[in-house]
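Residue-level structure breakdown
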Amino acid sequence: MTSRYVLRLQVDPADDPQAVGDRLLAMARTARAEEICVFLFGMEFNDGHDSLDRIDHWLTATRPWRSRLRAEGIAVSLNPGHTVGHSDWARSPKADQPWQPMTDQHGTAAAVQVCPLDPGWREYYAETLCRYAAEDVDAVWIEDDIRLHNHQPLDWGGCFCALHLAEFTRRTGIETDREQLVAACTAPGEPHPWRERWLDFWDTTQRELLASWGRSSATGSA
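Let me sum up the structure you'll find in this document. (Residues numbered from 1 in each chain as written. Predicted model: local features only at pLDDT ≥ 70, side-chain atom pairs only at ≥ 80, totals over all residues. Heavy atoms only, no water.)

**With respect to the packing of aromatic side chains**
If you walk through the whole model with that rule in mind, you get 9 aromatic pairs. Measuring from centroid to centroid gives 5.5 Å for Phe 168 and Phe 201, while their planes differ by 55°, and the two rings are tilted. Taken together, the positions of Phe 168 in helix α4 (residues 162-172) and Phe 201 in helix α6 (residues 193-221) put the pair 33 residues apart, joining distant regions of the chain. Between the aromatic rings of Trp 198 and Trp 202, the centroid separation amounts to 5.4 Å while the plane-to-plane angle is 55°, which identifies the pairing as tilted. (Phe/Tyr/Trp six-rings, centres within 6.5 Å; stacked < 30°, edge-to-face > 60°. Helix = DSSP H or I, 4+ residues; strand = E, 2+ residues; numbered from the N terminus.)

Right, dumping it as structure tokens:
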């Protein structure tokens, strides 16, 4: 089985493009890497969900050295550092981001981690993917925080927000609130019939979301 060596790194868009290109080209050649996967807004550069203006600035500032690497035979891919958000990390949503926060089974709501069913956020993120895909790159990665588990300060898994409850009712005809649903899904003994339907609902909606992003990015690169 063949393998592909990809360097994954964060680059500051404020750095001099010539110096960045020199450094990355030398690094790729020394390491014999076939591709450089560039993180956008990862870790210390992460200030919550980025404005479209900030994304455009990042793409413009990094385009010279990204183009140079590709011209030298080094593949370049982009990895936006977050989708729904990894963790709150003391961040707050911006004024124009009134999106539904992810909510755990106890009713605790996140600050900047978004419910992936929120239509406003989905429109925003589809637009960001179109802008990334329109660049001269080999691939656009989807960050792994699209998952429904492991989003501090929330409990371990799932989103039980109003949007999820309403969509569950629309698809199944089952009307319930968060407390009733959680009690049914965690009851001891023979699994409650709602449990399988709720878990399948989570899985289905996540798959539908990823499929819609694929269509959006393909349109953006056309």
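**Topic: the sheet that holds strand β3 (residues 75-80)**
If you trace the 4 strands from one edge of the open sheet to the other, you get β1-β2-β3-β6, paired in parallel fashion. Both edges of this open sheet fall to β1 (6-10) and β6 (139-140), since each of them pairs with a single strand only. Pairing of strand β2 (residues 35-40) with β3, which is carried by 6 bridges, proceeds in the parallel orientation. Within the sheet, the bridge partner assigned to Leu 40 lies in β3 and is Pro 80. Sheet strands touched by helix α1 (residues 17-31): β1 and β2. Its angle to β1, the strand with the most contacts, is close to 150°. (Pairing = 2+ DSSP bridges. Contact = heavy atoms within 4.5 Å. Axes fitted to C-alpha atoms, helices over the stretch in contact; angles between N-to-C directions.)

**Digging into unusual backbone geometry**
Going from Gln 152 to Pro 153, the amide bond is cis rather than trans, its omega being 10°. Located in the positive-phi region is Trp 89, a residue other than glycine, with phi close to 45°. Locating Trp 89 in the fold gives a position in the loop between β3 and β4 (101-103). Overall, Trp 89 belongs to the partly exposed group, its relative accessible area being 41%. (Buried < 20%, exposed > 50% of the residue type's maximum accessible area, 1.4 Å probe, protein only.)

**Describing empty space enclosed by the protein**
If you roll a probe as big as a water molecule over the atoms, it shows you where there is empty space left. One pass over the structure, following the stated rule, counts 2 cavities of 30 Å³ or more. In this structure, the largest cavity encloses a volume near 80 Å³. Lining the largest cavity are 13 residues, with Asp 50, Pro 80, His 82, Tyr 125 and Tyr 132 sitting closest to its centre. Counting residues per element, the lining of the largest cavity draws most heavily on helix α3 (residues 119-133), at 4 residues. Considering only enclosed or pocket space, the second largest cavity measures out at about 50 Å³ in volume. Classifying every residue of the lining of the second largest cavity by side-chain character gives 2 nonpolar, 7 polar and 1 charged. (1 Å grid on protein atoms, 1.4 Å probe; cavity = no way out; pocket = protein on both sides within 12 Å on 5 of 7 lines; lining within 4 Å. Points joined across faces, edges and corners; volume = space filled by probe spheres on them. Nonpolar A, V, L, I, M, F, W, Y, C, P; charged D, E, K, R; others polar.)

**What to know about the pairing of β3**
Counting buried positions along β3 yields 6 of 6 residues, so the element is predominantly enclosed. Burial of β3 is two-sided: the residues Ala 75, Ser 77 and Asn 79 facing one way and the residues Val 76, Leu 78 and Pro 80 facing the other way are all buried. Sheet topology note: the β3/β6 ladder contains 2 bridges and is parallel. Residue pairing across strands places Ser 77 opposite Ala 139, the latter belonging to β6.

**Thoughts on the packing of helix α2 (residues 52-71) against α3**
Interhelical geometry of α2 versus α3 gives an angle of 15° and a closest axis separation of 11 Å. Looking at the two axes, α2 sits roughly parallel to α3. Viewed along their axes, α2 and α3 form a crossing whose handedness is right-handed. Counted together, Leu 52, Ile 55, Asp 56 and Leu 59 of α2 and Tyr 124, Glu 127, Thr 128, Arg 131 and Tyr 132 of α3 form the full contact between these two elements. (Parallel < 35°, antiparallel > 145°, perpendicular 65-115°, else oblique. Left-handed = near helix turned anticlockwise from the far one by under 90°.)

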